[in-house]
Amino acid sequence: MTTETCNLLGLDQAALTAWLAARGQRAFHARQLMAWIYRRRCTNFDAMTDLSMAFRAVLKEQARIVPPELVDTRESRDGTRKWLLDSGTGNRVEMVFIPEADRGTLCISSQVGCAMDCAFCATGAQGFNRNLTSAEIVGQLWLANKLLPPRTCDLPAVSNVVFMGMGEPLANYRNLLPAIRIFTDPLGFNLSKRRVTVSTSGLVPAMDRLSEEGDVSLAISLHAPDNALRDELVPINRRHPVEELMAACRRYIQGGTHRHVLIEYVMLDGVNDTDAHARRLARRLNGLNAKVNLIPFNPYPDARFECSSRERIDCFREILLNAGIMTVTRRTRGDDIEAACGQLAGQVRDRTRHRIGARRLQSEITA
Ligand code: SAH
Ligand code: SF4
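Summarised in this report is the structure supplied together with it. (Residues numbered from 1 in each chain as written. Chains lettered and ligands numbered in written order. Predicted model: local features only at pLDDT ≥ 70, side-chain atom pairs only at ≥ 80, totals over all residues. Heavy atoms only, no water.)

This part covers the packing of aromatic side chains. One pass over the structure, following the stated rule, counts six aromatic pairs. Considering the side-chain rings of Y265 and F316, the 5.1 Å spacing of their centres and the 35° angle between planes classify their relative orientation as tilted. Of this pair, Y265 sits in strand β12 (residues 261-267) while F316 sits in helix α11 (residues 310-322), and the two are 51 residues apart along the sequence. With respect to burial, Y265 and F316 carry one shared label: buried. Chaining the aromatic ring pairs together yields one cluster made of Y38, F163, F183 and F189. Directly above the ring of W36 sits R40, whose terminal nitrogen or CZ lies 4.1 Å from the centroid. One residue, R259, lies across the ring of Y252, its end atom 4.4 Å from the ring centre. (Phe/Tyr/Trp six-rings, centres within 6.5 Å; stacked < 30°, edge-to-face > 60°. Helix = DSSP H or I, 4+ residues; strand = E, 2+ residues; numbered from the N terminus. Buried < 20%, exposed > 50% of the residue type's maximum accessible area, 1.4 Å probe, protein only. Lys NZ or Arg CZ within 6 Å of the ring centre and 35° of its normal.)

If you want it as structure tokens, here you go:
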């Protein structure tokens, strides 16, 4: 009888230790294995020469270290890179690397498609196929660091990770959490918790769990200052309205030290970008330790919106700044290769739960 091998990329230190214990192996082997996997980026058990032959034989029989398969690579004229990754049964997800002078940011996917159905998002328009496994999430960072030249001889290429690719990360909480642990574990990727950002459309119960268990940076896709408009743009708002979302942001900030929340606001021409919207947004954020990122809308085929003009975005920003809210306009990167925010569509097949959005029960989403 053949048994399915375990992809070790999906096991955080505690899970790896338990997996080894179940096979009669001592806990210190977890540290040795993690050094091979994350420091040396080795996938071949035979090369792990500080492990006994007998232990290596067990690993070869029962485990594997396999990142997602690379299907295509594109590089933008601004240096941004987009990779298309195979996620089985004809599905593909995308990840994007954005190089900057002082950092290298990897934007990763958490689901094949997305069920949240936000009105302005290419991923949402694709519908939902399935959650990525922890190994598939971790495998993206592992692969990027393997493919890219290091920043310095000891520092890998990726210094920051943002869950802003395909999918709603908090709707895949179960697989997200081990991935976050591996990203921030000194024996894993050793990233500072402030350099890992989870972006959410506003799944309030999972935000509270993340506050307790994750302690990473949080970004909220707000996009509208009040419920009538947000109900239309971000359908999950019908389940968790703006007041509830803002209260959850406050709890998140108070739940740890040095925490703030990043508010994302996509600029949609004539929809959410007037002076009145800016003033209402400023009032909404009053007293919250928040920073606002204005995101110029990135078009995609069949999109129903257009991007606000440069002047409009500047006026909107001025109003927020005058209200004392730190606000920056996000620079559009990689739009010539459809790698900019909201343009990631991958390839989503078998959309059995196509565009469920707010109609799906919260308990199902976070289960
Ligand atoms: N699902 C998560 C994370 C992925 S989307 C979330 O919604 O937060 C990352 C960011 O891109 C979110 O703020 C999202 O609202 C924004 N976005 C989606 N479509 C966009 C588009 N067409 N143009 C600009 N930003 C977009
Ligand atoms: Fe999903 Fe985020 Fe796109 Fe909304 S904006 S459909 S939550 S990926």
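Positive phi, normally seen in glycine, also occurs at T89, with a value near 40°. Position of T89 relative to the elements: it lies in the loop between β4 (81-86) and β5 (92-100).

In the region of ligand 2, the neighbouring residues are C114, M116, D117, C118, C121, G124, G167, E168 and S201. In terms of residue class, the shell around ligand 2 is built from four nonpolar, three polar and two charged. (Near = heavy atom within 4 Å. Nonpolar A, V, L, I, M, F, W, Y, C, P; charged D, E, K, R; others polar.)

Inspection of the secondary structure puts N175 in helix α6 (residues 173-184). Among the residues examined, N175 registers a relative accessible area of 19% and is labelled buried. Within the structure, N175 has its side chain in polar contact with the backbone oxygen of L132 (distance 3.0 Å). N175 has contacts with N131, L132, T133, S134 and I137, leaving out every residue within four places of it along the chain. (Polar contact = N/O pair within 3.5 Å; in protein donor to acceptor, adjacent residues only side chain to side chain. Contact = heavy atoms within 4.5 Å.)

Remember, this is a structural readout, not a statement about activity or role.
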